[in-house]
Structure formats: C-alpha cells, structure tokens
Amino acid sequence: MKTILVTGGMGFIGSHVCVSLLEQGLHVIIVDNLCNSNTEVLNRIDQITGKKPLFYPVNLLDEDALSAVFKRHNIDAVIHFAALKAVGESSCIPLSYYYNNITCSLVLFNVMEKYKVFNLVFSSSATVYGEHNPIPYVENYPLSATNPYGRTKVMIEEILQDAARADPRWNISLLRYFNPIGAHPSGLMGEDPNGIPNNLMPFITQVAVGKRDALNVFGGDYPTKDGTGVRDYIHVVDLALGHIKALEKLIASPNNNCVRSNSISAYNLGAGKGYSVLEVVKAFEKASGKKINYVISPRREGDLAEFFADVSKASEELGWKVERSLDDMCEDAWNWQSKNPEGYLS
Ligand code: NAD
Ligand code: UDP
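Residues numbered from 1 in each chain as written. Chains lettered and ligands numbered in written order. Predicted model: local features only at pLDDT ≥ 70, side-chain atom pairs only at ≥ 80, totals over all residues. Heavy atoms only, no water.

(A) How the structure looks around the overall build of the chain. Counting its secondary structure elements, the chain contains 11 helices and 13 strands. In summary, the chain has a C-alpha radius of gyration of 19 Å against a globular reference of 20 Å for 346 residues, a match within 12%. Taken along its principal axes, the extent of the C-alpha atoms in the chain is 55 × 45 × 40 Å. Looking at the chain as a whole, 53% of its 346 residues qualify as buried. Contacts in the chain between residues at least 24 apart in sequence constitute 80% of all its contacts with a sequence separation of at least 6. (Helix = DSSP H or I, 4+ residues; strand = E, 2+ residues; numbered from the N terminus. Rg over C-alpha atoms; globule rule 2.2 N^0.38 Å. Buried < 20%, exposed > 50% of the residue type's maximum accessible area, 1.4 Å probe, protein only. Contact = heavy atoms within 4.5 Å.)

Here it is in structure tokens:
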C-alpha cells in the first residue's frame, strides 16, 4: 500500500483529497498546524470513509518536526496544500505570506530530497496567469501575479522547475486550480472560513443561513454576459479526483526513482467554462430554495472581468475531466452549510 503525505490536509481542499485517497486504498498521513482548520475534520473523514488518517500537528516551518515524520514513515509521494491563501490579506501582511508559503515549501522540498522522496503534487492556482493572458488560459502561457499570494505560487512553481532541471529524480505535478466550490455530498465536509468569507460561495451560503444580510456583488459593469465577473467554478470532489489522477501518473511513471529525463508538468484543473456571479446566485437559489439578497457594489481591486481554463491537457494526459455541474456544486454547498451553520464547530 502506497503512503501519501498530505500537507495542509485538514483544510478545505486537502480534506476532500484525503477522502479520495483513502477511498483508493492509500495510506494517508496529514501534517497541518491547524492555523486555518480544525481537528473535527478527522472525525468527518472517518465518518465518510471508515478510516482515520494519521495526523501530525506540525508546522512545516519546523524542519526537525517534519524530518521526524519522514524518518518514521516510508513516504511514496507528497501532496503539498499547506499555505496561507487569502488574496486581500496577502497585500496587508506580505512578509507573513512569503515567510509561511515560501519557507515552508523550501523546508518541505529539502526534507523530501534528504529522504529521497521525489514524487510531488503541488497546489498552484489560476492566479499564476496574471492579468494579461488571453482566455481560456493554457498551461504554457507566461506566468505572473498581481498580489503577494499569487507571487508565492509563481515563485514556488519556479523553484520546482529549477529543482527538476537540476535533478531528474524529481517527478512533479503542478496543479493550477480554478475556483473550487461545493462540498462533500454527505454534508459532513465543506468550506469553513474564519470570519467574513472572502470568496463568493461561502458568502452566498452564509447569506442563505441568515449569518449575513446580503451579498455584495463586486462590479456590475464588466464587459461580460451580464456585467458581473465570470469564473471557472469546479466542484471540490472533481478537484480531489484530479489529484488522484495526477498522483497515479507520478507513481506509475516507469522511470520512477531512477535516473531519467526531467519530469515536471503543469495542469489546469477547472471545468473549462465560465459562470457569472449572478448565474451562480441564481443556481444557488434554485438548489436551496432560498432567496439571496444582493447589492451591486464597486469592483474589488485586483479582480479580472473573466477567466476560465483550457482543460485539454488534463483531459489528454491525466484522463481527467469534471463530472459535476454548477447545480451539483450549489446543492452540495447548501447541504453542508445548512447542516453545519457554524462550520465544523456546529
Ligand atoms: P485551507 O486554508 O482550507 O487549507 C490549508 C491548510 O494548510 C490549513 O489546514 C492550514 O492550517 C494549513 N497550513 C497553512 N500553513 C501551514 C504551515 N506552515 N504548516 C502546516 N500547515 C499549514 O486552504 P484550501 O482552500 O484547502 O487550499 C489548499 C491549497 O490550495 C493552498 O495551497 C491554496 O493556496 C491552494 N488553492 C486554493 C484555492 C481555493 O480557492 N480554495 C484556489 C487555488 C489554489
Ligand atoms: N465576488 C463577489 N462578492 C463576494 C465575493 C466574490 O461578487 O463577496 C465575485 C468576485 O468579484 C469574482 C467571483 O465572485 O468575480 C469569484 O470570486 P472569489 O473571491 O470566490 O474567487 P477569485 O476568482 O477572486 O479567486
């Protein structure tokens, strides 16, 4: 049985990926410092899969503590989610973002090298396409970013490109997520942001349960189908299955752990089509039967009008594409929020 180390596995996306890994019969070890998550996640994973991953409450900045995990277990591959991820906050406290996201990645990659673990799936983001590339975004576009959070993703991708160029034992998948929303269909796991949600779907679900009065729709005058921003929303369970496909490709690589040519590939994980903010609101109202009050507000600084993925590379090379619709995303997000109005502390 292969052993997969999941950094940040207690978070929104990591927890869904852990469920998929356990359902594939893989052995899962989570390292997470709980700075944006809760140990209740472990009980929920257990309720869904009948299995509890091994959990180490370790900060990735702590090289000794991380090394002890690698020393103790025979790890076959790492999926690296751990990061701070709030775009707006990253402009207010950039040094904390660079320190946490870059340093913990460097510590991790060095420990991986020391223990000869070279299979890595890295959580990147569509934010690495910056603001000047035409849509749909294709993996070979030049990378840039408009905020410190995005720059940490560009920098880590570049660090990994250099590492793979220098040492062909590295076997790396860079997964660029578009807009993950939704929740596990059981209603046991979902997105549980601290404080006021930054992202669209958790804000909508909190309006639906009465925690917020109205959604601010950021911008009604974009050159899009209805004037509101357009994004490529992807169900978090489809996203999780994309990780399984990426991991299968790494582990099945015939040259795995032998000397071979450089192996690092980026893949867009999205649905390949865009929905506007108002289309998401309407789909959510249909799924939940709740009216979502909204007000058209000024544009949010740094937002782009519209972007979505070209998903042909993931389809051709990983054999992956999304199976869940916007309606499924809204139904599952509502199922989670209505059963857990206070998130994991409900
Ligand atoms: P999340 O905040 O729910 O999960 C991240 C986890 O990492 C948390 O459990 C947190 O406690 C942990 N963590 C952070 N710093 C750590 C450290 N130094 N040591 C140990 N653990 C640490 O975020 P998420 O939405 O699940 O995102 C997971 C990854 O996907 C992140 O790298 C994020 O940048 C990336 N991503 C997310 C989105 C999105 O919309 N959610 C989009 C694109 C990319
Ligand atoms: N959005 C909005 N109100 C909110 C949060 C987001 O209108 O309270 C819009 C945002 O302007 C963008 C879309 O919803 O057009 C998705 O935003 P989100 O923050 O979820 O993801 P992003 O694409 O910015 O990473």
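(B) Focus on the site of ligand 2. Around ligand 2, a shell composed of 14 residues is seen, among which N216, F218, R231, R300 and D303 lie nearest. N216 places a main-chain nitrogen or oxygen 2.7 Å from a nitrogen atom of ligand 2. Contact distances for ligand 2 include 2.7 Å between an oxygen atom and a side-chain N or O atom of R231. Contact with the protein chains removes 88% of the 510 Å² of surface that ligand 2 exposes when unbound. Of the residues forming the shell around ligand 2, the biggest block, four residues, is contributed by strand 8 (residues 215-218). Residues belonging to the shell around ligand 2 are distributed by class as follows: six nonpolar, five polar and three charged. (Near = heavy atom within 4 Å. Polar contact = N/O pair within 3.5 Å; in protein donor to acceptor, adjacent residues only side chain to side chain. Areas by Shrake-Rupley, 256 points an atom, 1.4 Å probe, with all protein chains shown as cover. Nonpolar A, V, L, I, M, F, W, Y, C, P; charged D, E, K, R; others polar.)

(C) Inspection of helix 9 (residues 277-288) at higher detail. Relative to the 16 Å expected for 12 residues at 1.5 Å per residue, helix 9 spans 16 Å between its end C-alpha atoms, a close match to the ideal helical length. Among all positions of helix 9, only V277, V280, V281, A283, F284 and S288 are buried. Projection of helix 9 onto a plane perpendicular to its axis shows the buried side chains occupying an angular sector of 165°, all on one side. Facing away from the buried side of helix 9 by over 90 degrees, the exposed positions are K282 and K286. (Expected span 1.5 Å × (residues − 1). Arc of directions from axis to C-beta.)

(D) Representation of the packing of helix 5 (residues 94-114) against helix 6 (residues 148-166) in the model. Close contact between helix 5 and helix 6 brings their axes to 9 Å; oriented N to C, the two are set at 20°. The orientation of helix 5 with respect to helix 6, classified from their angle, is roughly parallel. By crossing handedness, the relation of helix 5 to helix 6 is classed as right-handed. Here P94, Y97, Y98, N101, I102, S105, L106 and F109 of helix 5 come into contact with helix 6, specifically with P148, Y149, R151, T152, M155, I156, I159 and L160. Among the residues forming the contact of helix 5 with helix 6, the class breakdown is 12 nonpolar, three polar and one charged. (Axes fitted to C-alpha atoms, helices over the stretch in contact; angles between N-to-C directions. Parallel < 35°, antiparallel > 145°, perpendicular 65-115°, else oblique. Left-handed = near helix turned anticlockwise from the far one by under 90°.)

(E) Main features of the sheet that holds strand 11 (residues 263-269). Ordered by their spatial adjacency, seven strands build an open sheet running 3-2-1-4-5-6-11, and the pairing between neighbours is parallel. The sheet terminates laterally at strand 3 (54-56) and strand 11, the two strands that pair on one side only. For this sheet, the mean inter-axis angle between neighbouring strands, taken without regard to orientation, is 20°. Sheet strands touched by helix 1 (residues 12-23): strand 1 (3-7), strand 2 (27-31), strand 4 (77-80) and strand 6 (171-177). Its angle to strand 2, the strand with the most contacts, is close to 160°. Running over the sheet, helix 6 touches strand 5 (119-125), strand 6 and strand 11 and is turned about 150° from strand 5. (Pairing = 2+ DSSP bridges.)

Take it as geometry only, folks, not as evidence of what the structure does.
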